[in-house]
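As a plain string of letters, each chain reads:
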Amino acid sequence: MKIFKLTTAVFCMALLLSCNNKAEKKVTSDEVVAVASKTNEDVILDKSVVKIKTTLQNLKSADSFPRNITKGNKEWNLVDVKDWCSGFWPGVLWYAYEYSNDPEIKAGAEKFTAPLKTIAYTPAENHDIGFMVYCSYGNGYRLTGNEEYKTVLLSAADTLATLYNPKVGTILSWPGMKHKFQYNTIIDNMMNLELLFWAAKNGGDKSLYDIANSHAEKSMKYLVRPDYSIYHVACFDEKTGEFIEGRTHQGYADDSMWARGQGWGIYGFAMSYRETGNKEFLTTSQKLADHFIERLPEDGMPYWDFDDPKIPNAPKDASAAGVVACGMLELSEHLEDPALKEKYFNAGKELITLLGSDAYMSGDTNESLLLHSTGHLPHNSEIDVPIIYSDYYFMEALLRLKKIENKIAQK
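These lines cover the structure that appears in this document, whether it is placed above or below. (Residues numbered from 1 in each chain as written. Predicted model: local features only at pLDDT ≥ 70, side-chain atom pairs only at ≥ 80, totals over all residues. Heavy atoms only, no water.)

The final tally for this structure, using the stated rule, is 25 aromatic pairs. Ring centres of Trp84 and Tyr389 lie 5.2 Å apart, and the angle between their planes is 35°; this geometry places the pair in the tilted category. Separated by 305 residues along the polypeptide, Trp84 in the loop between strand E2 (77-79) and helix H4 (88-100) and Tyr389 in helix H16 (residues 388-410) bring together distant segments of the chain. Take Trp84: its relative accessible area is 22%, and that puts it in the partly exposed class. Tyr389 sits in the buried class, given a relative accessible area of 1%. Pairwise contacts between aromatic rings join Trp84, Phe88, Tyr95, Phe131, Trp264, Tyr389, Tyr392 and Tyr393 into one cluster. In this arrangement the basic side chain of Arg225 is found over the ring face of Tyr231, its NZ or CZ atom lying 4.2 Å from the centre. Just above the ring of Tyr303 sits the side chain of Lys316; from NZ or CZ to the centre is 3.9 Å. (Phe/Tyr/Trp six-rings, centres within 6.5 Å; stacked < 30°, edge-to-face > 60°. Helix = DSSP H or I, 4+ residues; strand = E, 2+ residues; numbered from the N terminus. Buried < 20%, exposed > 50% of the residue type's maximum accessible area, 1.4 Å probe, protein only. Lys NZ or Arg CZ within 6 Å of the ring centre and 35° of its normal.)

Structural data, given as structure tokens:
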């Protein structure tokens, strides 16, 4: 039998409620325990699920997906299926369903997942197939076991693999940007390897594993700088496979440290270690994480780019914090040293705590969960606004944290 210790505040609250003559019923001991055992992430998830469900009820068209919210507005700006962010909203719904087990949210997740099927069966336009299909169908399959979802995922992996060039050893990220970057591979692409790794062990061709592994190795070699900051873009000669140079597209400068890119690296290499067992990937993730931690400002929230000369008047990026939080938690689970596990677990938890504060939660401001993300500052796009992938990785981080803490509590 477990003995729960109640704080004085919780006990007094329960006592007052039970003694209130106007109350319809007395507060039971089980209810007191339930209040006392609520974690901070439970409280945030409860609020988030309510808000997500309300937004779901306001969205009528299944093939239009939230992307961002303009300053001063309350409602999401919507995009179509082909937008690289289309998979994040159904992913948010799947996470909300995972926590709440609410059948209405599940129905919404199914509704907004279905239109993305077309991405798996049309020629690949970019590397974002992983973001679009794995965040939607991948979470859906994980939670439901729906065999149709598995079929779509396997097809999507095959489609993504068509962008692989064996001479370069990587997936071409942006076919439409060859005029600017030649054969290009971006750090964001690390996240889409999970679709290939998953497919290779769930009925897909085993070559998908080799493609993903090669891509991760080449990204580690050419996108990671000696100081363990990251280039956004690696440019290659398509015919010879030779590395030409590292560039940026969404960061401040070619040699600057773009915050979200650092997050893609931390998370992507930790995930690649999970799938391959290659300890170089784990070490790379760890050193990228250390560099991120070292460069964080005093308030603990990353600027959109750590080298923007306008700091401290540069915008923050909550989306980077969410991606890094997930990456830190992923990393912590693969390390054997207890002190290191604790270090990265705490780093992830601190970012989640900041995101869950009044400074970053949107409250009644608009339909989003989080404020203050920065999408593409050099193009003056999505600066200091809510962006859907910020909400997605925030939900993922909260659920990851909850699962890890549950494991710790059971030991």
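Past the structure itself, the notes keep going.
Time to look at the pairing of strand E8 (residues 373-376). Of the pairings in the sheet, the one linking E8 to strand E9 (residues 381-385) comprises 3 bridges and is antiparallel in character. Bridging from a neighbouring strand, Thr374 pairs with Ile383 of E9. Counted between consecutive antiparallel strands, the loop separating E8 from E9 contains 4 residues, among which Asn380 sits at a positive phi close to 55°. (Pairing = 2+ DSSP bridges.)

Let us look at unusual backbone geometry. Residue Pro312 follows Ile311 across a cis peptide bond; omega there is 15°. On the secondary structure map, Pro312 appears in the loop between helix H13 (279-295) and helix H14 (318-334). The backbone of Asn101 shows a phi angle near 60°, a positive value even though the residue is not glycine. In this fold, Asn101 is placed in the loop between H4 and helix H5 (103-113). Even without a glycine there, the phi angle at His372 is positive, about 65°. Assignment of secondary structure puts His372 in the loop between helix H15 (338-355) and E8. Residue classification places His372 among the partly exposed residues on the basis of a relative accessible area of 25%.

Helix length check: helix H3 (residues 40-58) (19 residues) gives 28 Å between terminal C-alpha atoms against 27 Å at 1.5 Å per residue, within 8%. Among all positions of H3, only Glu41, Asp42, Ile44, Leu45, Ser48, Val49, Lys51, Ile52, Thr55 and Leu56 are buried. (Expected span 1.5 Å × (residues − 1).)

The next thing to look at is the packing of helix H11 (residues 207-222) against H13. Axis separation between H11 and H13 bottoms out at 11 Å; the angle between their running directions is 45°. With respect to H13, the axis of H11 lies oblique. By crossing handedness, the relation of H11 to H13 is classed as left-handed. Contacts between H11 and H13 involve Asn213, Ala216, Glu217 and Met220 on the former and, on the latter, Glu280, Phe281 and Thr284. In the contact of H11 with H13, the residues fall into 3 nonpolar, 2 polar and 2 charged. (Axes fitted to C-alpha atoms, helices over the stretch in contact; angles between N-to-C directions. Parallel < 35°, antiparallel > 145°, perpendicular 65-115°, else oblique. Left-handed = near helix turned anticlockwise from the far one by under 90°. Contact = heavy atoms within 4.5 Å. Nonpolar A, V, L, I, M, F, W, Y, C, P; charged D, E, K, R; others polar.)

Turning to the pattern of salt bridges, a few remarks are in order. This structure, assessed with the given rule, holds 26 salt bridges. Between Asp42 and Lys402 there is a salt bridge whose closest N-O contact spans 2.7 Å. Note that Asp42 is positioned in helix H3 and Lys402 in helix H16, a separation of 360 residues in sequence. For Asp42, a relative accessible area of 7% gives the class buried. The partner of Lys201 in a salt bridge is Glu275, and the shortest N-O contact between them spans 2.8 Å. Residue Lys201 is found in the loop between helix H10 (193-200) and H11, and its partner Glu275 is found in helix H12 (residues 259-276); the two are separated by 74 residues along the sequence. (Salt bridge = Lys/Arg side-chain N within 4 Å of Asp/Glu carboxyl O.)

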